[in-house]
Structure formats: C-alpha cells, structure tokens
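Commentary on secondary and tertiary structure
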Amino acid sequence: MVESARSPPIDALRSPDYAQVIVPCSDLEAAIAFYTGTLGFRLDMIMPADAPRVAVVSGAGIALRLEFAGPHRASQTALTLRLSGSHAWFASFDAHELAGPDGVRILLVDDDAPLMAPVAEPAFLISRANDGANVAGRAGMSYRDLIPGRLGGRYIASHICIPAGGPVPDYVHYHRVGFQMIYCLHGWVRVVYEDQGEPFVMHAGDCVLQPPTIRHRVLEASPGLEVLEIGGPAEHETLREHAFDLPTALLQPERCFGGQRFVHHVAANATWQLCAGGGFEYRDTDIADATAGVASVQVLRAQPMQPSATSTARVPSGRLLFLSVLAGRLALRGSTMGAQTLDPGDACVIPADTDYVLDATAPCEVLAVEL
C-alpha cells in the first residue's frame, strides 16, 4: 500500500496514512492493464485471488481502488474517497463515513482493526471433481471452488492449476488471513518464504502452512501442477510488496506471524501412525501445533495389509471437517447425510456436532482438515 504525497501533518491523529480513490469499472482486468501498462502505475493489492473483483494501483502520487461494478454499471458523478490509518487516527472520528462538500463520500478505515471472519453457516456440502468451472485468477493460475457458498464467507477451498508450468508470473506478496494452507496434489512447485531460507520445491503430498502476513512468492511449477488451498476468511486481501526481496538474509524457522509459525510438511519424511481402531492410519502435518489449535491437518489412509478400514467419529462443537479424497474411494455415511461415495477429486464439508462413519479399502487416501 502506498502513502499519498502530502505535507507533514499538523496533528498526526487527524491525518490518515494513505488515501484511495474508488473507481468503479466494468472490466477489472482491462482496467488493471490500462493503469499498469499504459500509465505505468503499479499493482499494490488484489482480491479475491480467484476471479478478482477489487484491485489497488498507484502512481503519480495517487492510489486508485478499482472495484468491479458489472458491465452495465450506472455512471457515478460523485467521488468516493477511502482513507485508511492507525486505530488512534480512526478512533478520533465520531463516524465511520463522512459527507464531504459537493457530494464527496468519505469512508474511514481502521488499519489496525483485527481481522473479522464471518460467522460460519453450518452445512453438509459435497463438491464433485467435475463440479463447477475453472476461473482465471491472479498470476496466471486457474481456480475451482470446492466449497459452494463458502459457508457464509468463513472459509474457501480452491483447486488451483497451472497447466503450462514453467516460470510463474507471481510477485512477493502476503495475505490478510486468519488461516491458509497449501497441499500439493500433482506435480511440483518451487516457492520461497520470508525468513525460511532458500527457495524449495513442494512435491505431491507435501503441504505448507502460510501464517498470516508471511511474505512469499511462487517461482516455478511443473506442467500440470495442481494444489489445494484452504483459507479463511473466504475473501481476503492479497497485498503486493514492491521493496521486499526474497529470500531474506535471516533464517528464523520458529518466528511467529500473527500467532502462527510456518510449516513445511514433507510427505517423504512423514511417519504413519495407527488410528485408534478401524484399520486407518495417518500422517500428521504439525499444523495443529503451529496454529495453536486453529486447524488440524492430517492425511488418512486405509492400512495396506487390512481388508477394510472403518472410522466412527463426531465433529466437535464449534468446528467443521473438510475432507478431500486424494486416491481410491471413500464411503461416508451418517444420519444427517445418508450414504455417500467420494472418488478422487471429490470433497465434502461436515458441520459441527455431526456423527459420521468412514469406510475404505487400500489404496484410499484422504486429506482431513478440521477448522
């Protein structure tokens, strides 16, 4: 984000840190291309990552907030100014919106306010591998939504592809999120993270926890790369860093970002452990410990030498369970969901306080994320 050019403030509490002019547009991609390509502005923020609708560009001492308003938007004659600043500055006003002269609308934004995720709307959901269309997202990535309705905006799960592979047109950036993880499904991807050393390659079965605000960049991918990304809230800002180089000089693997620490789980080094009865075993990713219980991420599989595997469990109160079938076939049943069969690429969400039974035979593998 940029700071608008201005004279030194007389009263720091009464002066915002930066300002954005809100510009409604009928084609966000074309607007970004015009301001960055034709006028030489730079891209500072874009959201959401899949099918973006908002972007911030800056140049010539001004920041424009481009907001998609549809191809047939009504013309606007009045200007909207979005002012952002510290909590002390924000709290010095009695209202969060002001009416300026000549019809100018002024929105006041508290930059220090904690991230507020929408309250989850509980539901049992199934997403099939062939459900939904892929949409173009940022940095040349293709997204498919795995949680229709996104549970009221609480979480998003995306199947992300880079079909061509090669260098990825990404940039150093970070996300304003409460939780975010990436699981590599097929192929490989080379990435780099703030304070985590040199770039490294994630292979199929590997995953990372991206704690809030950690700077990172996708560098290169194999042809046909597929990853699964889960994050919350569903719509969050992706902010670009223009003067931040990766890798960083410091190596701080235990550093906390927003109360969480980075995790790189390597499937090839993982230890499988027996589940309590039923023939399933699991490998844990250490994400539960790294997030202080915000999320638990495990891969379950039917034991290879057992004729079948069965697990009976209940989703705890205040939690939800996301399952994605990685290999084989999974049978799911319960009093509120009936009997369901999930194949590779299928996913489901089981709400809180729900009893369920999983049945499988080898080589079934399932990604299980409790949030």
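The coordinates are above.
Notes on the structure follow. On a predicted model such as this, the values are computed, not experimentally measured, just so you know.

**Some words on the overall build of the chain**
- Broken down by element type, the chain carries three helices and 33 strands.
- A compact globule built from 371 residues would reach a C-alpha radius of gyration of about 21 Å, and the chain, at 23 Å, matches this within 12%.
- With respect to the principal axes defined by its C-alpha atoms, the chain has extents near 75 × 45 × 40 Å.
- Every one of the 371 residues in the chain was classed for burial, and the buried ones make up 48%.
- Split by element, the accessible area of the chain, about 17,200 Å² in all, is 54% carbon and sulfur.
- If you average the places of the 26 positive and of the 41 negative side-chain charges in the chain, the two averages end up 2 Å apart.

**Some details on the sheet that holds strand E29 (residues 330-334)**
- Taking strand neighbours across the sheet as the criterion, the four strands line up as E27-E32-E29-E30 in an open arrangement whose pairing is antiparallel. The open sheet is flanked by strand E27 (309-314) and strand E30 (338-342), the only strands paired with a single partner. Ignoring strand direction, the axes of neighbouring strands in this sheet form an average angle of 20°.
- The sheet contact formed by E29 and E30 spans five bridges and is antiparallel. Looking at E30, one finds that alanine 331 is bridged to threonine 341.

**Digging into helix H1 (residues 28-38)**
- Among all positions in H1, only Leu28, Ala31, Ile32 and Tyr35 are buried. Viewed end-on, H1 has its buried residues packed into an arc of 100°, placing them on one side of the element. Exposed positions of H1 whose direction lies more than 90 degrees from the buried face are Glu29, Gly37 and Thr38.
- Where H1 is buried, its residues contact strand E1 (18-25), strand E2 (42-47), strand E3 (54-59) and strand E4 (62-68).
- Regarding H1, its N-cap is aspartate 27, as a side-chain oxygen of that residue lies 3.2 Å from the backbone nitrogen of glutamate 29 further along.

**Digging into the environment of valine 191**
- Among the structural elements, valine 191 can be located in strand E15 (residues 188-193).
- Discounting chain neighbours no more than four positions away, the residues touching valine 191 are Pro199, Phe200, Met202, Arg217, Val218 and Leu219.

**Focus on unusual backbone geometry**
- Of note, the bond from methionine 47 into proline 48 is cis; its omega dihedral lies within 30 degrees of zero at -20°.
- Along the chain, proline 48 turns up in the loop between E2 and E3.
- For the peptide bond that leads from alanine 362 to proline 363, omega is 15°, which places it in the cis range.
- Position of proline 363 relative to the elements: it lies in the loop between strand E32 (355-360) and strand E33 (365-370).
- Not every positive phi belongs to a glycine, and alanine 139 is a case in point at roughly 55°.
- Note on alanine 139: relative accessible area 15%, which makes it buried.

**Some remarks on the packing of aromatic side chains**
- Tallying each qualifying case throughout the model produces six aromatic pairs.
- Plain terms: the ring middles of phenylalanine 34 and tyrosine 35 are 5.2 Å apart, the flat faces sit at 80° to each other, and that makes the pair edge-to-face.
- When the ring of tyrosine 193 is compared with that of phenylalanine 262, the centres are 4.7 Å apart and the planes differ by 45°; the resulting orientation is tilted. Here tyrosine 193 is found in strand E15, whereas its partner phenylalanine 262 is found in the loop between strand E22 (260-261) and strand E23 (263-265), with 69 residues between them in sequence.
- The buried category is assigned to phenylalanine 262, whose relative accessible area is 7%.
- Among the aromatic residues, those joined into a cluster by ring pairs are Phe34, Tyr35 and Phe41.
- Between the NZ or CZ atom of arginine 215 and the centre of the ring of phenylalanine 244, over which it lies, the distance is 5.9 Å.

**Details of the sheet that holds strand E11 (residues 156-162)**
- Spatial ordering of the open sheet is given by E9-E10-E11-E19-E14-E17-E23, a layout of seven strands whose pairing is antiparallel. Of all strands in the sheet, those with a lone pairing partner are strand E9 (135-136) and E23, marking the two edges.
- With four bridges joining them, strand E10 (residues 142-145) and E11 adopt antiparallel strand pairing. Directly across from arginine 144, in E11, lies its bridge partner histidine 159.

**Description of the pattern of salt bridges**
- Overall, the coordinates contain 20 salt bridges when judged by the stated rule.
- As a salt-bridge pair, glutamate 220 and arginine 190 come within 3.4 Å of each other at their nearest N and O atoms. Pair noted here: glutamate 220 is in strand E18 (residues 216-221) and arginine 190 is in strand E15, with a separation of 30 residues, a long-range link.
- Across the salt bridge formed by arginine 329 and aspartate 343, the nearest N and O atoms sit 2.7 Å from each other. With arginine 329 in the loop between strand E28 (321-327) and E29 and aspartate 343 in the loop between E30 and strand E31 (347-350), the pair connects residues that are 14 residues apart, well separated along the chain.
- For aspartate 343, a relative accessible area of 26% translates into the label partly exposed.
- Three or more residues are tied together by salt bridges with common partners; here these are Glu254, Arg261, Asp286 and Asp289.

**As for the pairing of E32**
- Burial analysis of E32 places five of its six residues in the buried class, which makes it a mostly covered element.
- By the bridge criterion, six bridges tie E27 to E32 in an arrangement that is antiparallel. Within the sheet, the bridge partner assigned to alanine 313 lies in E32 and is tyrosine 356.
- The pairing of E29 with E32 spans four bridges and is antiparallel. Within E32, the position partnered with leucine 330 by the bridge is alanine 360.

Conventions used here
- Residues numbered from 1 in each chain as written.
- Predicted model: local features only at pLDDT ≥ 70, side-chain atom pairs only at ≥ 80, totals over all residues.
- Heavy atoms only, no water.
- Helix = DSSP H or I, 4+ residues; strand = E, 2+ residues; numbered from the N terminus.
- Rg over C-alpha atoms; globule rule 2.2 N^0.38 Å.
- Buried < 20%, exposed > 50% of the residue type's maximum accessible area, 1.4 Å probe, protein only.
- Areas by Shrake-Rupley, 256 points an atom, 1.4 Å probe, with all protein chains shown as cover.
- Lys, Arg positive; Asp, Glu negative; His and termini not counted.
- Charge placed at Lys NZ, Arg CZ, Asp CG, Glu CD.
- Pairing = 2+ DSSP bridges.
- Axes fitted to C-alpha atoms, helices over the stretch in contact; angles between N-to-C directions.
- Arc of directions from axis to C-beta.
- Contact = heavy atoms within 4.5 Å.
- Polar contact = N/O pair within 3.5 Å; in protein donor to acceptor, adjacent residues only side chain to side chain.
- Phe/Tyr/Trp six-rings, centres within 6.5 Å; stacked < 30°, edge-to-face > 60°.
- Lys NZ or Arg CZ within 6 Å of the ring centre and 35° of its normal.
- Salt bridge = Lys/Arg side-chain N within 4 Å of Asp/Glu carboxyl O.

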